[in-house]
Amino acid sequence: MKRNLPLLLVFVFGVLGIIPFIIPHPAVQTTDEFLRNNLLKILAAFALILGLGSLLRVHMDKIRRKGQNWEYSWVLIGTFAITSIIGLFGGVSGTGILPTRIGNFAFDIWTIYFNVEVPLGAAMFALLSFFMASAAYRAFRARSAEATLLLTAAFIVMLGVLPLGNDISPHLPSFAQWIMDVPNVAGQRGILFGVALGMLATALKIILGIERSWLGGGGE
Amino acid sequence: MTMIDVLTKIDRRIIYLILFSVVTLPIIFPSARSVRVMPPVEKLYRAIDEIPEEKALIIDFDYDPQTLPEIEPMAFAILRHAFTKRIKVLAISLYVQPLGLAQNALVNVAEEFNTRASTQEDSIIYGRDYVFLGWQPPPLIPILGMGESITNVYKTDYHGNRTDTLPLMKEIKNYGDVGLLVSLSSGDPPKWWVEYAQNRFGLKVGAGITAVSASEFYPYLQTGQFSGLMVGMKGAAEYEEQVETELGIKVRRKASESLPSLTYAHVVIIIFIVIGNTGYFISRSKQRRSQ
């Protein structure tokens, strides 16, 4: 029962998810609309609670076991608790029951978002450019004909997408665009077909109960 | 230290310092120059420009702080275009993180117009000219649900108002009343709009994406599933150029101002790759000679 019920649910709701794309009958469409607008929302709310609970449990465990960099888990739990309390009781822009301002110092969710999350997120991504530059210098070598071709295409696209490319030659941006439009699309389309067929096969295997690793315990 | 060492073993701190300098200097001394508008951006501009008066433009804000510098200028340029042409705008987010950024873009651009406006008619008014519907998880719900009824999916807007009481939402019921959806995203959402909303309801879709993910979106443009495409900072700068030349809107062009930083960074990376390869070829020919 413990295994069969989840398999049955996946089969029923998997099939219910496919049918509305094939049968336009109002009864089918209304059922689909009900499932999406009601059931899916409830499931999403449960998933959110499950996700947050799981995140906290992982970090609590890490602190208890004194795992690698366990001190950072306190930072996560602390910021999670603080922002949750401020968000739940202080409101997004400080309109809740909890005061979110001491003098000129505001600490509502809106202020935290724009003054902590935005700069931190931007800084983290900005650091990537330095690593990419260093990695490109060390690893991007014309070791073979294919690597040379890749390197040439990269130079053309890197210059062609900038105003400098147009200054060098008005044909360079068009050539860069051609590389993106033709050889790139050809490769991407092949990948897309492969991924789509793979997804279709995996989805069918899960719906039909052939693939059961998501239940836990491998593919048994 | 041999010549080969000099060429192949440059200290990474030197690379970081040079890159930092060439990126920051143009930001400290900003200057915007005109750029050549490429066909994908031109197509997107035309697709928005040709939205019929009775239809709306949906902007899906799906970028986060990490990709803000690339995609936010796109949002500003599109909003300026839409508000100038009096195109009705519905804004949504498929994720929670971009909500603040979306609200920021909407409020800033509406304010830009309202400071110049002299009458109620000239002003950009919330509820009449644009509505921010907010966030509704999971993404599949709004993507499919809005095809049937937008107010059914978003019962209240971002500010907590009942959507069925807003004047704009009385005119815009579902995708049948939407001329185009533009997904401004740093991930997969533009594909989801094509896979679900376009295939099932025939919704026209355009996209604004980060440069790093550009290659995987070009097939959608070639097939015509995307009505247009903006890629990275350059795409945003092209749209800014188009808005300035076609609509005469002269404001600060953030993406265009950032292009010099991007240009110098690309040139520095190319130079370092050339230096690295020069060292590699010299060492390889030396090895061959010694053998």
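Residues numbered from 1 in each chain as written. Chains lettered and ligands numbered in written order. Predicted model: local features only at pLDDT ≥ 70, side-chain atom pairs only at ≥ 80, totals over all residues.

Q: Please give an account of the sheet that holds strand S2 (residues 88–93) of chain B that cites residues and values.
A: Residue and element names in this part refer to chain B. Here we have six strands laid out as an open sheet, ordered S3-S2-S1-S4-S5-S6, and parallel in their pairing. The open sheet has two free edges, formed respectively by strand S3 (130–135) and strand S6 (226–231), since each of these has just one partner strand. With direction set aside, neighbouring strand axes in the sheet form an average angle of 15 degrees. Of the pairings in the sheet, the one linking strand S1 (residues 56–62) to S2 comprises five bridges and is parallel in character. Counted as the bridge partner of Ile58 is Leu90 from S2. Strands strand S5 (205–209) and S6 of the sheet are contacted by helix H11 (residues 232–247), whose axis makes an angle of about 110 degrees with S6. (Pairing = 2+ DSSP bridges. Helix = DSSP H or I, 4+ residues; strand = E, 2+ residues; numbered from the N terminus. Axes fitted to C-alpha atoms, helices over the stretch in contact; angles between N-to-C directions. Contact = placed C-beta atoms within 7 Å.)

Q: Explain the environment of B:Gly279 residue by residue, including any values.
A: Residue and element names in this part refer to chain B. Here Gly279 lies in helix H12 (residues 254–290). For Gly279, a count of 21 C-beta atoms within 10 Å corresponds to the buried category. In this structure the C-alpha to C-alpha distance between Gly279 and Gly232, which are 47 residues apart in sequence, comes to 33 Å. Setting aside its immediate chain neighbours within four residues, Gly279 contacts Ile4, Leu7 and Thr8. (Buried ≥ 20, exposed ≤ 12 C-beta atoms within 10 Å, placed from the backbone.)

Q: Let's hear about the domain arrangement of chain B: which residues, and what values?
A: All names here are of chain B. Examined at the domain level, chain B breaks down into domain 1 (1–32 + 254–291) and domain 2 (33–251). Here domain 1 and domain 2 have C-alpha centroids that lie 38 Å from each other. Here the side of domain 1 that touches domain 2 is composed, by residue class, of four nonpolar, three polar and one charged. (Domains from an automatic or database assignment. Nonpolar A, V, L, I, M, F, W, Y, C, P; charged D, E, K, R; others polar.)

Q: If you had to explain the interface of chain A and chain B to someone new, which residues and values would you point to?
A: Chain A puts 43 residues into the contact, and the matching count from chain B is 45 residues. When residues of the side of chain A that touches chain B are assigned to their parent elements, the largest contribution, 16 residues, is made by helix H4 (residues 109–139) of chain A. Classifying every residue of the side of chain A that touches chain B gives 27 nonpolar, eight polar and eight charged.

Q: An account of helix H3 (residues 39–49) of chain B is requested, with residue identities and associated values reported.
A: Within H3(B), the full set of buried residues consists of B:Pro40, B:Val41, B:Leu44, B:Tyr45 and B:Ile48. Projected onto a plane normal to the axis of H3(B), the buried residues spread over an arc of 135 degrees and lie on a single side. (Arc of directions from axis to C-beta.)

Q: Got a sec to walk through the packing of H4(A) against H12(B)? Specific residues and values, please.
A: Contact geometry of H4(A) with H12(B) gives a least axis separation of 7 Å together with a crossing angle of 25 degrees. Taken together, the axes of H4(A) and H12(B) are roughly parallel relative to one another. For the crossing formed where H4(A) meets H12(B), the hand is right-handed. Only B:Ala265, B:Val268, B:Ile269, B:Phe272, B:Ile273 and B:Gly276 of H12(B) make contact with H4(A), whose side of the interface consists of A:Ser129, A:Ala133, A:Ala136, A:Tyr137 and A:Arg138. (Parallel < 35°, antiparallel > 145°, perpendicular 65-115°, else oblique. Left-handed = near helix turned anticlockwise from the far one by under 90°.)

Q: Pulling in residues and values, what's your account of the nonpolar core?
A: Residue and element names in this part refer to chain B. Counting residues in each nonpolar core, the largest one holds 93 residues, and the members touching the most others are Leu57, Ile59, Ala75, Ile78, Leu79, Val89 and Ala91. Looking at this core element by element, the count peaks at nine residues for helix H4 (residues 68–84). Apart from the residues within four sequence positions on either side, Val89 is in contact with Ala56, Leu57, Ile59, Leu79, Ala82, Asp129 and Tyr130. (Core = buried A, V, L, I, M, F, W, Y, C linked by C-beta atoms within 7 Å.)

Q: Give a detailed account of the pairing of S5(B), specifying residues and quantitative values.
A: Residues and elements named next belong to chain B. Of all five residues in S5, five are buried; the element is thus mostly enclosed. The side-chain alternation of S5 yields two buried faces, one formed by Val205, Ala207 and Ile209 and the other by Gly206 and Gly208. Sheet topology places strand S4 (residues 178–185) next to S5; five bridges connect them, and they run parallel. When the sheet's bridge partners are listed, Ser185 is paired in S5 with Ile209. With helix H9 (residues 189–201) bridging S4 and its parallel neighbour S5, the resulting β-α-β unit is right-handed. The pairing of S5 with S6 spans four bridges and is classified as parallel. Of the residues in S6, the one forming a bridge with Ile209 is Val231. (Right-handed = clockwise from strand over helix to strand, strands pointing away.)

Q: Just give me the short version of unusual backbone geometry, but keep the residues and values in it.
A: Of note, the bond from B:Pro137 into B:Pro138 is cis; its omega dihedral lies within 30 degrees of zero at -15 degrees. Looking at where B:Pro138 falls in the secondary structure, it is placed in the loop between S3 and helix H6 (140–145). One non-glycine residue, A:Lys66, lies in the positive phi region at around 50 degrees. With respect to the element layout, A:Lys66 can be found in the loop between helix H2 (26–65) and helix H3 (70–90). The phi angle at A:Asn69 is positive, at roughly 55 degrees, despite the residue not being glycine. With respect to the helices and strands, A:Asn69 occurs in the loop between H2 and H3.

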